Every structure is written in C-alpha cells, then in structure tokens.
Amino acid sequence: MLRHATTLIKSAVGLIVLIALAGPAPAADRPNIVFIFTDDHASHSLSCYGSKINKTPSLDRIANEGMLFKNSFCTNSICGPSRAVILTGKHSHLNGFIRNGNTFNGAQQTFPKLLRKAGYQTAIVGKWHLGSAPTGFDYYQVLRGQGPYYNPPMIENGQPKKHVGYTTDIITDIALDYLKTGRDPKKPFMLMFQHKAPHRNWQPGPKHLTMYDDVTIPEPDNLFDDYSGRGTAAHTQDMSIAKTMTANDLKLTQPRGFTPEQLKVWNAAYEPKNKAFREAKLEGKALVQWKYQRYIKDYLRCIASVDDNVGRVLDYLDETGLAKNTIVIYSSDQGFYLGDHGWFDKRFMYEESYRMPLMVRWPGKVAPGSVNTDLVSNLDYAETFLDIAGVEIPQDMQGRSLVPVLTGNTPKDWYKSLYYQYYEFPGPHSVRRHYGLRTDRYKLMHFYNLDEWELYDLQTDPREMKSVYADPANAELVKRLKLELARSQKQYQVPDDSGSISKDGKRKTQPRKRKA
Ligand code: CA
C-alpha cells in the first residue's frame, strides 16, 4: 500500500516536471525566422524567376527547397514605404510613412514587437532606412540612412560603429555573428538580414568588379520605348537611362570614401573600360546602349555579391542543423526597371517595379520546388510572420497570413485584386501620383492629379505598351474594375484627399480634407 502511494507520488512529481518542461511553448516547437531582404532587386534578375541576364544559385536554393511566388507585389513601389508596410501590416496612409524622407513612428505596433512580446528574440542587421531608431529589437546594427557600398558607418543598439570593407560582406558578417554568439540558443529568433544592395549607384564589391566584362547582356525589347501608347506620366518621368543617369551612376567619376587600397583595386578594373569609352565618342542610340551595359553589369555584380553572401548564411544554417527549424524568406522592397521602358528606378505600378521577389523555405511545411500564382503582397508579411510563430494577429492589420497558401491550402476567398498607391510627387524622378488595382489579368491605374486613367490587359500586353482604357469594347470591364477599386479604397480606409473615387466609380470633384 505504502509502496503504491510512493509510486503515485513519484508519478505525480514526474508529471509536474513534465508539465513544467513542456510550458510555456517550447522553443524547439516554434520555428526561427530569417528574413532576407534586399533593396531594389527585381525578380527578373533572379534565375529562379527565369532571368535571361544572370544566375543566382544561392537565392535559387530557397525557391528550389521551398515556394516561389509568381504573383508577388508591393503596395507602394518605393524603399521606406515598403519597409513600413512590412513592419506594420498596414497600407502607407495608415502607418504614416507614405514617401521617402518621412520619419517612421516607432511607437506604433509592428510585427517584431509582437514577436518579442511572445518570447522571440528579434534582431535587425543592415539597411533600415526609416529615419527613426529601430524599435522592437533585442539587437540591431543598421546603416545610417542609405549607407555607402564601402566602409559603412553603422549604429549598433544606439552606438556608432565603424567598418572597413564591402557593405554586403560586412552586413553578412554581422548577421553570422548574431547567429553564432549574439542570441540565447534556447529561445526562438527572428532575424531581419537586410542589404543595401543592389540599390543605386550599384557599386560592385572587389570580388566582382570585372565579372561580365567579356559578355554583352541582352537588352530588353523596349529599351527604346517612346511611350506612345501611354499617358502624361510615362512621358514626363525623369528616370531614363538616356537622360537621367549620371556620370557617378556610370562610374565615370572617382568613388568617394574608399581606402587607398580599395581605390587602387577599383581603378584597375574601371579605368581601362572608361578609357575605351572616352575614345569611342559614342552618341545617340549607341550611347544609350553603352550606358545600359555599364548599368546592368554593375547592378548584376552587386547581386552576385548578395547571392554569395546569402549562400554563406544558408551554409551556416545547414552546418549547425538550424536549417531544420528555420524559415528562410527572401524578398526585396520593390522591383526595378532593368532598362525596361528605357528606365532604371521604380515607383510606377508597371509590372517590373511593382513586382517583389518572394521565396519561402520552410522545411516540413512547404513542398520543395513549389510554385504559387496567387496574388500576394508585402501587406501580408507581418501577419504571416505572426502566424508562423503562433502569435495572435491584431484586427487592425490589413493583410492576410500566407501560411495557408504556403501549405497549399489557399482559402477560397483569397484576394481577387490588389490595391496600390504611390505618393512621392513632386519628388525625385518625377513620377506622378497614382493608385490602381491589379487582378490576375488586368491592371487599372489612375494618375489622379492628372485625372488620367490607364488600363492594361496583361495577357495580351504583358509589357504594358498600350493602354486600352479608351477602347469602347472595355467600357463594361472598366466599370467593373472601378467598382472594385472603390471597394478596396473603402476597405483599406484610403482618405478622400488622395483622390479616391466614389462608390459609383466617378472621381470626387471636391475632395475632402484628410481628418487630423
Ligand atoms: Ca528600394
């Protein structure tokens, strides 16, 4: 009897110990998140997206071992705003960061804060670019503002930090240091590993300065677009390779902030090429073609360095066994024109800069090599991260969790359209303000200060060379899309003074002032 009682007590103690060990939520059950993010990396310069101009073997690994999203977009194609949308899960007009130069209100709700509250260790390394100091992170080391490609001054948890070397390599070294020694291995972590590259002015690292020297990169078929099929905005932009690109962009001037050794290596690579260019005295079309080659090669060289460095992190995750319980996500704040329409830069809702690359590797959950074509956007990231971690999603976030999509169970009521709005005018590159809607087939755009509409059938005109808005055959379609646009603006609480249209699809002639 006594023996039986002792056994019972032992069992009870054992059970209590087991319960104590089991809760709260064991770290091993909650996956780590590595969110790799770059700046201005267009999906048509990733080989997993079918790039015709380069190879990205390390980045392709994420797609090959996970899911590639073919219809991934941004809500506002510009750097700071895209980051703010990702942090908050809210459109620009609600998170308050509508254009570059704004200051992010770090007191507001963000997904890193919610993950941290739920017991995740949170860190951000690299580009931040939101004006205010990062909030919601246990550890941060970020570039000051845009940050240079070489010898970047950084800020580590509020303190200045100096570095010598190539920024893409340095950011990766810091990220690896964090993974190795900067965290408590017993707790799950969320690391934002964010590069400056391949942002303008596209300065390659020392290892890639002469990559592509012996090849000619294919030109896009609309490098010499005359914009005849489109409205005022395409004609009045200031972002063409022909007119806007500077000597500094083209590496025809000496780089600044380099060490003498770095400058020597740089000049050994560029001076012979620049000498040949000066002697050729190119003009007209040939000059644009030369500029395109210089630009695209430097852009791709910057990506080659990102690719190498992403490979270092993936290898580390493999070697330590962390890969098994770590979700790896790759994305970039928006796309970019790689000579498409004769342009560089972004901002427009036209496909090349509207698209964001998105690949997700989640061992055991996401089928390797899967390809998804659902409409998704950066508005969905915050909720996805929270869902992955099992954290409750706040009602006021405006996206949707991608977790069901990732596991092959896209809900029946998934997005039928996505809403877009760009505000940065007047501003650099003079792209007029516009909002718009994209469905799986059509894109309706409204340059609202000009009151000009454009419509594209992406099935018959994927390069968006001719707006078919004025075609009477499309009247019903336009009406339907305008109603959907009005519904979206209402759903997302878009203020009227940004040019919303009323429920009947007509533009309001007397926009109300935005409420304070
Ligand atoms: Ca950007």
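Residues numbered from 1 in each chain as written. Predicted model: local features only at pLDDT ≥ 70, side-chain atom pairs only at ≥ 80, totals over all residues. Heavy atoms only, no water.

**Student:** For this particular structure, what's the right way to read the overall build of the protein?
**Tutor:** Scanning the protein from terminus to terminus reveals 13 helices and 16 strands. Against the 2.2 N^0.38 benchmark of 24 Å for 516 residues, the protein shows a C-alpha radius of gyration of 25 Å, consistent with a compact globule. Across the 516 residues that make up the protein, the buried fraction comes to 59%. In the protein, once contacts between residues fewer than 6 apart in sequence are set aside, the share between residues at least 24 apart is 68%. Summed over all atoms, the accessible surface of the protein reaches about 21,900 Å², with 55% contributed by carbon and sulfur. In the protein, 68 side chains carry a positive charge and 55 a negative one; their mean positions are 4 Å apart. (Helix = DSSP H or I, 4+ residues; strand = E, 2+ residues; numbered from the N terminus. Rg over C-alpha atoms; globule rule 2.2 N^0.38 Å. Buried < 20%, exposed > 50% of the residue type's maximum accessible area, 1.4 Å probe, protein only. Contact = heavy atoms within 4.5 Å. Areas by Shrake-Rupley, 256 points an atom, 1.4 Å probe, with all protein chains shown as cover. Lys, Arg positive; Asp, Glu negative; His and termini not counted. Charge placed at Lys NZ, Arg CZ, Asp CG, Glu CD.)

**Student:** Can you walk me through the pattern of salt bridges in this structure?
**Tutor:** If the charged atoms of two oppositely charged side chains come close together, the side chains can form a pair. Tallied over the full model, the rule gives 33 salt bridges. Close ionic contact of aspartate 213 with lysine 273 constitutes a salt bridge, the shortest N to O distance being 3.0 Å. Of this pair, aspartate 213 sits in the loop between β8 (189-194) and α7 (232-236) while lysine 273 sits in helix α8 (residues 260-280); the two residues are 60 residues apart in sequence, bridging distant segments of the chain. Judged by relative accessible area, which is 35%, aspartate 213 ranks as partly exposed. On the accessibility criterion, lysine 273 (18% relative accessible area) is buried. The salt bridge involving arginine 301 is made with aspartate 298; its shortest N-O contact spans 2.6 Å. One end of the pair is arginine 301 and the other is aspartate 298, both in helix α9 (residues 284-320) and three residues apart, which spans about a single turn. There is no split in this pair, since arginine 301 and aspartate 298 are both buried. A single salt-bridge network, built from bridges that share partners, covers Asp40, Asp345, Lys346, Arg347 and Glu424. (Salt bridge = Lys/Arg side-chain N within 4 Å of Asp/Glu carboxyl O.)

**Student:** Mind showing me how you'd approach the packing of aromatic side chains here?
**Tutor:** Each aromatic ring pair is summarised here by two numbers: the centre-to-centre distance and the angle between the ring planes. This structure, assessed with the given rule, holds 35 aromatic pairs. Each ring, one from phenylalanine 35 and one from phenylalanine 37, has its centre 5.1 Å from the other, and the planes form 40°; the classification is tilted. The exposure classification of phenylalanine 35 matches that of phenylalanine 37, with both residues buried. Here the basic side chain of lysine 273 rests over the ring of tyrosine 270, its NZ or CZ set 4.5 Å away from the ring centre. Stacked on the ring of tryptophan 453, the Lys or Arg lysine 482 has its end atom at 4.2 Å from the ring centre. (Phe/Tyr/Trp six-rings, centres within 6.5 Å; stacked < 30°, edge-to-face > 60°. Lys NZ or Arg CZ within 6 Å of the ring centre and 35° of its normal.)

**Student:** Explain the coordination of the calcium ion here, please?
**Tutor:** Each pair of donors in an ideal four-coordinate tetrahedral metal site encloses 109.5 degrees, whereas pairs in an ideal six-coordinate octahedral site enclose 90 or 180 degrees. The coordination sphere of the calcium ion, as far as protein atoms go, consists of Asp39 (OD), Asp40 (OD), Cys79 (SG), Asp333 (OD), Asp333 (OD) and Gln334 (OE1), spread over 2.2 to 2.7 Å. Around the calcium ion sit six donor atoms, and with donor-metal-donor angles ranging over 52 to 164° the site reads as irregular. The class for aspartate 39 is buried, based on a relative accessible area of 0%. For aspartate 40, a relative accessible area of 0% gives the class buried. (Donors = N, O, S within 2.8 Å, 3.2 Å for Na, K, Ca; no water. Tetrahedral: all angles 85-135°; square planar, octahedral: opposite > 155°, others 65-115°.)

**Student:** Explain the sheet that holds strand β6 (residues 154-156) to me, please; I cannot follow it from the model alone.
**Tutor:** Two orientations exist for strands paired in a sheet by backbone hydrogen bonds: parallel and antiparallel. Taken in spatial order, the ten strands of this open sheet run β7-β6-β5-β4-β8-β1-β9-β10-β2-β11, and their pairing is mixed. A strand with exactly one partner marks an edge of an open sheet, and here the two such strands are β7 (159-161) and β11 (370-372). Sheet twist, expressed as the average angle between the axes of neighbouring strands with direction ignored, equals 15°. Running over the sheet, α9 touches β1 (32-38), β8, β9 (326-332) and β10 (358-361) and is turned about 170° from β9. Packing of helix α11 (residues 381-388) onto the sheet brings it into contact with β1, β9 and β10, and relative to β1 it is tilted by some 160°. (Pairing = 2+ DSSP bridges. Axes fitted to C-alpha atoms, helices over the stretch in contact; angles between N-to-C directions.)

**Student:** Would you mind showing me how to read the side chain of asparagine 378 here?
**Tutor:** Inspection of the secondary structure puts asparagine 378 in the loop between β12 (376-377) and α11. Under the relative-accessibility criterion, asparagine 378 is labelled buried at 0%. Here threonine 75 takes part through its backbone nitrogen, which lies 3.2 Å from a polar atom of the side chain of asparagine 378. Looking at asparagine 378, its side chain comes within polar contact range of the side chain of serine 82, at 3.1 Å. If sequence neighbours within four positions are ignored, asparagine 378 has contacts with Phe73, Cys74, Thr75, Ser82, Val85, Ile86 and Met356. (Polar contact = N/O pair within 3.5 Å; in protein donor to acceptor, adjacent residues only side chain to side chain.)

**Student:** Would you mind showing me how to read the environment of serine 45 here?
**Tutor:** Relative to the elements of secondary structure, serine 45 occurs in the loop between β1 and α2 (57-64). Each C-alpha atom, one on serine 45 and one on leucine 300, is 7.6 Å from the other, the two residues being 255 residues apart in sequence. When residues no more than four places from it in sequence are discounted, the contact partners of serine 45 are Ser51, Asn54, Thr56, Tyr299, Leu300, Ile303 and Leu338.

**Student:** Looking at this structure, how should I read α9?
**Tutor:** Since one α-helical turn is 3.6 residues long, residues separated by three or four positions face the same way. Taking 1.5 Å of rise per residue, the 37 residues of α9 would be expected to cover 54 Å, and the 55 Å separating its terminal C-alpha atoms lies within 8% of that figure. Among the 37 residues that make up α9, 26 are buried, leaving the element largely enclosed by the rest of the structure. (Expected span 1.5 Å × (residues − 1).)

**Student:** For this particular structure, what's the right way to read the sheet that holds strand β13 (residues 418-422)?
**Tutor:** Here we have four strands laid out as an open sheet, ordered β13-β14-β15-β16, and antiparallel in their pairing. The sheet terminates laterally at β13 and β16 (452-457), the two strands that pair on one side only. With strand direction ignored, the average angle separating the axes of adjacent strands in the sheet is 15°. The sheet contact formed by strand β14 (residues 434-438) and strand β15 (residues 442-447) spans four bridges and is antiparallel. Each residue of the ladder has a partner; that of glycine 436, found in β15, is methionine 445.

**Student:** Please explain the packing of helix α6 (residues 167-181) against α9 as it appears in this structure.
**Tutor:** Between two packed helices, the angle of one axis relative to the other and the distance separating the axes together describe the packing. With their axes 9 Å apart at the nearest point, α6 and α9 run at an angle of 10° to one another. With respect to α9, the axis of α6 lies roughly parallel. Here α6 contributes Thr168, Asp169, Thr172, Asp173, Leu176, Leu179 and Lys180 to the contact with α9, which in turn contributes Ser305, Val306, Asn309, Arg312, Val313, Tyr316 and Leu317. (Parallel < 35°, antiparallel > 145°, perpendicular 65-115°, else oblique.)

**Student:** Looking at this structure, I do not really get the nonpolar core. What am I missing?
**Tutor:** Burial of nonpolar side chains together is a common tendency in soluble globular proteins. Within the largest apolar cluster, 149 residues are counted, with the highest numbers of intra-cluster contacts made by Phe111, Tyr299 and Met359. Of the residues forming this core, the biggest block, 15 residues, is contributed by α9. Setting aside residues up to four positions removed in sequence, methionine 359 forms contacts with Leu46, Cys48, Tyr49, Leu59, Ile62, Ala63, Met67, Leu68, Val328, Ile329 and Tyr330. (Core = buried A, V, L, I, M, F, W, Y, C linked by side-chain atoms within 4.5 Å.)

**Student:** Whenever I open this one, the pairing of β8 confuses me. Can you help?
**Tutor:** Where a strand is regular, its side chains alternate between the two sheet faces. Where burial is concerned, most of β8 is hidden: six out of the six residues are buried. Side-chain alternation along β8 places Phe189, Leu191 and Phe193 on one buried face and Met190, Met192 and Gln194 on a second face that is also buried. Sheet topology note: the β1/β8 ladder contains five bridges and is parallel. By the bridge assignment, phenylalanine 35 is partnered in β8 with methionine 192.

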